[in-house]
Amino acid sequence: MAMGAADVIIFITDAIQGLTATDQAVAQRLRRTDKPVILAVNKVDNDRRELAATEFYELGINETSFISAYHNYGVYDLLERVVELLPRQELAEQWDDKEMRLSIVGRTNVGKSMLTNAIIGQERSIVSPVAGTTRDALDTQISYRDHTITLVDTAGIRRPGQVQRGIEKYSVLRAVNAVHRSDITLLITDATELATAQDAHIAGLAWDTNRGLIVVVNKWDLVNPNRFRMERGLHRVRERLHFMPYVPVCFTSALTGEGIDELLDSALSLWQERQRRVPFRDLQYLLADAVSTHSPPSMRGNIRNRLRIRRVRQVGVNPPTFVFSVNDPKLLHFSYRRYLENRIRDKFGFNRTHLRLVFRHEREERTTRPGVRGRSR
């Protein structure tokens, strides 16, 4: 699994033990992969060991480095070679309108599987009062209001110190992977406990990967629901997830079916918002108005060290991604980045989704824009 997901593989061997049968078996396995492989012979702490380590050339791996992790010898050269072999991540324009994928994540025993069954109308997942009965990520396709939705029910995510070795460990890894391959994450919480620190940690997974997020307060039928309790629960969730003030919150009961349609409507609305495209001309008008209203601050009061923004364009959706062409990205202050993000939100109605803002040097931007050739010096 690790080899399949990797871009570059580093094969570590031990110079003190020398070439072993296990090393040869691993090298034989690596020859069948199409990924770049670097052989890193570790514990090469002196000239004598470096001379002895030449036997590893028998493995036939072209990229071979002698390193000492303890003394930090050769590590930086190894990292530089890894960077050279990594595939270049071009910020290509992406406008694909594929089906919506919803991952259902949360702590153990908060009702994820029962909520999944309530949405699809059949017992697809095992429902049990015992925490941790879901071991795998289960994909189910449904049709809702002429839209195809794929639901991914996952195993509960405990705190790292409480994750048991074995099956549960890999179940948590698959749950995290489900967040990575989804478009919108439904974070299921328990109405009797509301948002906890672990819920905030799981929400951070979606935030780090630019996924859409909806907080679902499940088991709402257990707390004598009323308007006061709903406002109190909403305040608690907002307070705990203060780093995502825009996230929508839904109140549901998987047992009675309350709030299920509202949840799916909210997910579709968030999905459509993440697919929104902003015309180039409108972005330039917004940029001009934002800069004239509040110009970028200068570094240490020196006007020559002030950020200058040339243009902005949208290069993708899901999440909406905007690239700013600037004179020097290092001059950008985090407060001004937040200011520009809020202006985009207010002007174009991005009220509930994560926005991705990328700041590039204007020279780099000229060479990466479609149909534009960079000028040579």
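Residues numbered from 1 in each chain as written. Predicted model: local features only at pLDDT ≥ 70, side-chain atom pairs only at ≥ 80, totals over all residues. Heavy atoms only, no water.

For the chain, the name recorded in an unreviewed UniProt entry is GTPase Der, with Geodia barretti as its organism.

**Q** Explain the sheet that holds strand S12 (residues 309-316) to me, please; I cannot follow it from the model alone.
**A** Taken in spatial order, the 3 strands make up an open sheet running S12-S13-S14, and their pairing is mixed. Edge positions in the open sheet fall to S12 and strand S14 (356-361), since each of these has one partner strand only. When the angles between neighbouring strand axes are averaged without regard to direction, this sheet yields 25°. Here S12 pairs with strand S13 (residues 321-326) via 6 bridges, running antiparallel. Counted as the bridge partner of Gly 316 is Thr 321 from S13. Lying over the sheet, helix H10 (residues 280-293) contacts S12 and S13, oriented at roughly 140° with respect to S12. (Pairing = 2+ DSSP bridges. Helix = DSSP H or I, 4+ residues; strand = E, 2+ residues; numbered from the N terminus. Axes fitted to C-alpha atoms, helices over the stretch in contact; angles between N-to-C directions. Contact = heavy atoms within 4.5 Å.)

**Q** What should I look at first to understand the packing of aromatic side chains in this one?
**A** The description of an aromatic ring pair rests on the distance of the ring centres and on the angle between the ring planes. Per the stated rule, a full pass over the model turns up 6 aromatic pairs. Judged by centre distance (4.6 Å) and plane angle (50°), the ring pair of Trp 220 and Phe 251 falls under tilted. One end of the pair, Trp 220, is in the loop between strand S8 (212-218) and helix H8 (227-240); the other, Phe 251, is in strand S9 (residues 249-251), and 31 residues separate them in sequence. Residue classification places Trp 220 among the buried positions, given a relative accessible area of 3%. Assessed through its relative accessible area of 12%, Phe 251 is described here as buried. Measuring from ring centre to ring centre gives 5.3 Å for Tyr 336 and Tyr 339, while their planes differ by 40°; the resulting arrangement is tilted. In this pair, Tyr 336 and Tyr 339 are both assigned in helix H11 (residues 334-348), 3 residues apart and thus about one turn of the helix distant. Each of the two residues, Tyr 336 as well as Tyr 339, counts as buried. Between the NZ or CZ atom of Arg 276 and the centre of the ring of Phe 350, over which it lies, the distance is 5.5 Å. Note that Arg 345 overlies the ring of Tyr 246, its terminal NZ or CZ placed 4.3 Å from the centroid. (Phe/Tyr/Trp six-rings, centres within 6.5 Å; stacked < 30°, edge-to-face > 60°. Buried < 20%, exposed > 50% of the residue type's maximum accessible area, 1.4 Å probe, protein only. Lys NZ or Arg CZ within 6 Å of the ring centre and 35° of its normal.)

**Q** Even after reading the chapter, I still don't get the pattern of salt bridges, so can you show me in this structure?
**A** Two side chains with opposite charge may pair up if their charged atoms get near one another. The full count for this structure, using the stated rule, is 9 salt bridges. Arg 145 is the salt-bridge partner of Asp 265, the closest N and O atoms lying 2.8 Å from each other. With a gap of 120 residues between them, Asp 265 in helix H9 (residues 260-274) and Arg 145 in the loop between strand S5 (138-144) and strand S6 (147-153) connect regions that are remote in the sequence. Residue Asp 265 is classed as partly exposed on the basis of its relative accessible area of 30%. Close ionic contact of Asp 190 with Lys 219 constitutes a salt bridge, the shortest N to O distance being 3.5 Å. Separated by 29 residues along the polypeptide, Asp 190 in strand S7 (residues 184-190) and Lys 219 in the loop between S8 and H8 bring together distant segments of the chain. The exposure class assigned to Asp 190 is buried, which follows from its relative accessible area of 7%. Each of Glu 63, Arg 81 and Glu 84 takes part in one network of salt bridges that share partners. (Salt bridge = Lys/Arg side-chain N within 4 Å of Asp/Glu carboxyl O.)

**Q** For this particular structure, what's the right way to read the packing of helix H5 (residues 112-120) against H9?
**A** The relative placement of two packed helices comes down to the angle between their axes together with the axis-to-axis distance. At a minimum axis separation of 10 Å, H5 and H9 run at an interaxial angle of 85°. By the angle between their axes, H5 is roughly perpendicular relative to H9. In this structure, H5 uses Leu 115, Ala 118 and Ile 119 to contact H9, whose residues at the interface are Ile 260, Leu 263 and Leu 264. Classifying every residue of the contact of H5 with H9 by side-chain character gives 6 nonpolar, no polar and no charged. (Parallel < 35°, antiparallel > 145°, perpendicular 65-115°, else oblique. Nonpolar A, V, L, I, M, F, W, Y, C, P; charged D, E, K, R; others polar.)

**Q** Help me understand the nonpolar core in this model?
**A** Within soluble globular proteins, side chains that are nonpolar tend to cluster in buried spots. If you look at the biggest cluster of nonpolar residues, it comprises 25 residues, and the most contacted ones within it are Ile 119 and Ile 214. Mapped by element, the contributors of at least two residues to this core are strand S4 (100-106), H5, S5, S6, S7, S8 and H9. Element by element, the count of residues in this core is highest for H9, at 7 residues. (Core = buried A, V, L, I, M, F, W, Y, C linked by side-chain atoms within 4.5 Å.)

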